[in-house]
Amino acid sequence: MDSIKVGLLGVGTVGSGTYRVLMRNQGEITRRAGRGIEIVAVGARDANKARTIVGPDMRIDTDLMRVATDPQVEIVVEVIGGESPARELILAAIAAGKHVVTANKALLAHHGNEIFAAAQKAGVMVAFEAAVAGGIPVIKALREGLTANRIEWIAGIINGTSNYILSQMRERGQAFDEALNDAQELGYAEADPTFDIEGIDSAHKLAIMSAIVFGIPMQFSKCYTEGITELAIQDIRYADELGYRIKLLGISRRSGEGIEMRVHPTLIPVRRLLANVDGVMNAVLVKGDAVGQTLYYGAGAGAEPTASAVVADLVDVTRLHTADPEQRVPHLAFQPGALVATPILPIGEVVTAYYLRLRVLDQPGVLADITRILAEREISIEAFLQKEPEEGEMQTDIIMLTHRVREASVNVAIAGIEALATVLSPVTRIRLETLT
Ligand code: NDP
Ligand code: HSE
């Protein structure tokens, strides 16, 4: 059988990795897919740069739309990133009857509903394994492997760059900016790295996974998002002393009132596997009603780990290319007509535990005032740490871990605590999850 023809849009980190993996493993890939997978055209902004990667014989076009709509091309791989022109290229490819493979979570989080509807109408596939957690086949697991389950929650380290930075800060004492710079050089970071460090990239991925596990439309704008830029090294140290690690987590949880969807730095007990996922590695913990907890772990970014997911999608699409569209796995796991409008809860309605750090005057009565304010809101304390004041200092840090409580109550308590004359600076609050 003839090879299936692919147009590759973008030959940066992921595009060049995809090209390399396809070339290197073409024998094995062909045996798995049932026919060869052949890149016949590459779309690139800089043809000379692209030529150094794909060699002298490849057709390179600086007009990406020509590749996306080329009659010879059957699958378009979009790895340029960003919303535009990626959206226009993908919609044009779909309209021209081509299947699409993309690693672009920003695009899907913002325009996924539109893109999947267009693909559904055209009877083509849009595959996106590489968009979430790099090389980990977590979309496959959520969409197919766990399909018997009612998923209760997912919690994941889903940004390699920020996990790399946090690990470098904790283990090697490296400065934030230096670690970010390294992550950029290693090809982990987004074109705009604020997406990584401000939690936006994690929120893109969480919006995609939430849609798949709960059968809801993608709703990135409703995801609460907080990054790692405000995290202080002393909180990483205090968390260690208390037996916790701080990770940037994406959490999506079903509750009686709706769905929590949030990304923020989170204390996790050090005995949990997720707390020990370091460097560029990602992991997604999933709680299903039948299977219990399952954990998916692997490289969350980088050229070949991500290419592994792109090529897996290419094989999947090649195998299902001739199947009746009705028989394919739905893009978002649930049948398009069966999505539900469960509300996404505002952050004030979220129930979780908290790490609170307070800078206070070291004098009698301070603690009593603070615990009274917490008790008024029915916030009970699970653990407590008071640091010795530094030599000659009259102030010190108090650290408290609370039981689970509604965030709106904690906000009121924090406002009351900050109004005390003995509390010297804004309270540091980091959410805590035991993941049981
Ligand atoms: P790169 O910046 O390394 O590569 C993007 C490539 O696309 C570059 O060659 C760039 O050209 C080209 N490009 C960008 N915009 C245009 C345009 N308008 N017209 C023509 N060419 C264009 O990014 P990555 O490979 O890292 O990321 C690609 C996608 O994969 C993104 O969506 C990203 O979020 C996603 N992803 C990345 C991962 C990673 O580890 N890097 C992991 C998982 C997903 P030029 O060089 O001229 O700028
Ligand atoms: N910038 C992303 C990360 C790439 O660091 O996780 C993988 O999606």
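Please read these numbers as outputs of a predicted model, since none were measured by experiment.

Student: An account of the nonpolar core is requested, with residue identities and associated values reported.
Tutor: Within the largest apolar cluster, 81 residues are counted, with the highest numbers of intra-cluster contacts made by Ile208 and Leu267. Discounting residues that sit within four places of it in the chain, Ile208 has contacts with Lys105, Leu108, Phe128, Ala131, Val132, Ile139 and Met218. Ala103, Ala127, Ala130 and Val310 belong to the second largest nonpolar core, which has 33 residues in total.

Student: So what about the site of ligand 2? Which residues, and what values?
Tutor: Looking at ligand 2, the residues that line it are Lys105, Asn159, Gly160, Thr161, Tyr188, Ala189, Glu190, Asp196, Asp201, Lys205, Gly300 and Ala301. Contact between ligand 2 and Asn159: an oxygen atom at 3.4 Å from a side-chain N or O atom of the residue. In the complex, 94% of the free accessible area of ligand 2, which totals 250 Å², lies under the protein chains. If you list the elements that add at least two residues to the shell around ligand 2, you get helix H8 (160-172) and helix H11 (200-214). Here the shell around ligand 2 is built from residues that sort into 3 nonpolar, 4 polar and 5 charged.

Student: Break down the domain arrangement of the protein chain for me, with residues and values.
Tutor: Entries for the protein chain in the domain assignment read domain 1 (4-135 + 303-338), domain 2 (138-299) and domain 3 (350-432). The straight-line distance from the C-alpha centre of domain 1 to that of domain 3 is 51 Å.

Student: Let's hear about the sheet that holds strand S2 (residues 37-43): which residues, and what values?
Tutor: With parallel pairing, the 6 strands of this open sheet are ordered in space as S3-S2-S1-S4-S5-S6. The open sheet is flanked by strand S3 (59-61) and strand S6 (126-127), the only strands paired with a single partner. In this sheet, strand S4 (residues 75-78) lies alongside strand S1 (residues 4-9) in parallel orientation, the contact comprising 4 bridges. Paired with Leu8 across the bridge in S4 is Val77. Contacts between helix H5 (residues 86-95) and the sheet are confined to S1, S4, strand S5 (99-102) and S6, with S5 contributing the most and set at about 150° to the helix.

Student: Residue-level account of the packing of helix H1 (residues 13-24) against helix H13 (residues 303-320), with values.
Tutor: Following both chains from N to C, one finds H1 and H13 inclined at 65°, their axes separated by 8 Å at the closest point. H13 is crossed by H1, and the crossing has right-handed handedness. Contact residues: Thr13, Val14, Gly17, Thr18, Arg20, Val21, Leu22 and Arg24 in H1; Ala303, Glu304, Thr306, Ala307, Val310, Val311 and Leu314 in H13. Looking at the contact of H1 with H13, its residues break down into 8 nonpolar, 4 polar and 3 charged.

Student: Break down the site of ligand 1 for me, with residues and values.
Tutor: Within the structure, ligand 1 sits among 21 residues, and Val14, Arg45, Lys49, Glu190 and Gly302 are positioned closest to it. For ligand 1, an oxygen atom lies 2.7 Å from a polar atom in the side chain of Glu190. With respect to ligand 1, the backbone of Gly302 contributes an N or O atom lying 2.7 Å from an oxygen atom. Here ligand 1 loses 80% of its free accessible area of 890 Å² to cover by the protein chains. The site holding ligand 1 turns out to be the largest pocket. Split into classes, the residues belonging to the shell around ligand 1 amount to 9 nonpolar, 8 polar and 4 charged.

Student: I'd like a rundown of the side chain of Asp235, residues and numbers included.
Tutor: Relative to the helices and strands, Asp235 is located in helix H12 (residues 233-241). In this structure Asp235 touches Ile246, Tyr355, Arg357, Thr428 and Ile430, once residues within four positions along its chain are discounted.

Student: Got a sec to walk through the layout of surface pockets? Specific residues and values, please.
Tutor: Considered as a void within the structure, the largest pocket measures approximately 1,200 Å³ in volume. Lining the largest pocket are 50 residues; nearest its centre among them are Val79, Ile80, Gly81, Gly82 and Ala191. Per-class residue counts for the lining of the largest pocket are 18 nonpolar, 21 polar and 11 charged. When we break the lining of the largest pocket down by domain, the ones giving at least three residues each are domain 1 (4-135 + 303-338) and domain 2 (138-299).

Student: Outline the packing of aromatic side chains, supporting the account with residue identities and numerical values.
Tutor: We describe a pair of aromatic rings using the distance from one ring centre to the other and the angle between the two ring planes. In the structure shown here, the tally under the stated rule is 2 aromatic pairs. Centre to centre, the rings of Phe116 and Phe128 are 5.4 Å apart; their planes meet at 50°, and the pair counts as tilted. One end of the pair, Phe116, is in helix H6 (residues 105-122); the other, Phe128, is in the loop between S6 and helix H7 (138-145), and 12 residues separate them in sequence. Residue classification places Phe116 among the buried positions, given a relative accessible area of 5%. Phe128 sits in the buried class, given a relative accessible area of 2%. Ring geometry for Tyr164 against Tyr188: centres 5.9 Å apart, planes inclined by 70°, an arrangement best described as edge-to-face. One end of the pair, Tyr164, is in helix H8; the other, Tyr188, is in the loop between helix H9 (176-185) and helix H10 (194-197), with 24 residues separating them in the sequence. A single burial state applies to Tyr164 and to Tyr188, both of which are buried.

Student: Lay out the pairing of strand S11 (residues 281-288) in plain terms, naming residues and giving numbers.
Tutor: Most of S11 is tucked away, with 6 of its 8 residues classed as buried. As paired elements, strand S7 (residues 151-157) and S11 share 6 bridges and run antiparallel to each other. Bridged to Ala155 within S11 is Leu285. The pairing of S11 with strand S12 (residues 292-299) spans 8 bridges and is classified as antiparallel.

Analysis parameters
Residues numbered from 1 in each chain as written. Chains lettered and ligands numbered in written order. Predicted model: local features only at pLDDT ≥ 70, side-chain atom pairs only at ≥ 80, totals over all residues. Heavy atoms only, no water. Core = buried A, V, L, I, M, F, W, Y, C linked by side-chain atoms within 4.5 Å. Buried < 20%, exposed > 50% of the residue type's maximum accessible area, 1.4 Å probe, protein only. Contact = heavy atoms within 4.5 Å. Near = heavy atom within 4 Å. Polar contact = N/O pair within 3.5 Å; in protein donor to acceptor, adjacent residues only side chain to side chain. Areas by Shrake-Rupley, 256 points an atom, 1.4 Å probe, with all protein chains shown as cover. Helix = DSSP H or I, 4+ residues; strand = E, 2+ residues; numbered from the N terminus. Nonpolar A, V, L, I, M, F, W, Y, C, P; charged D, E, K, R; others polar. Domains from an automatic or database assignment. Pairing = 2+ DSSP bridges. Axes fitted to C-alpha atoms, helices over the stretch in contact; angles between N-to-C directions. Left-handed = near helix turned anticlockwise from the far one by under 90°. 1 Å grid on protein atoms, 1.4 Å probe; cavity = no way out; pocket = protein on both sides within 12 Å on 5 of 7 lines; lining within 4 Å. Sits in = over half its atoms within 2 Å of the grid points. Points joined across faces, edges and corners; volume = space filled by probe spheres on them. Phe/Tyr/Trp six-rings, centres within 6.5 Å; stacked < 30°, edge-to-face > 60°.

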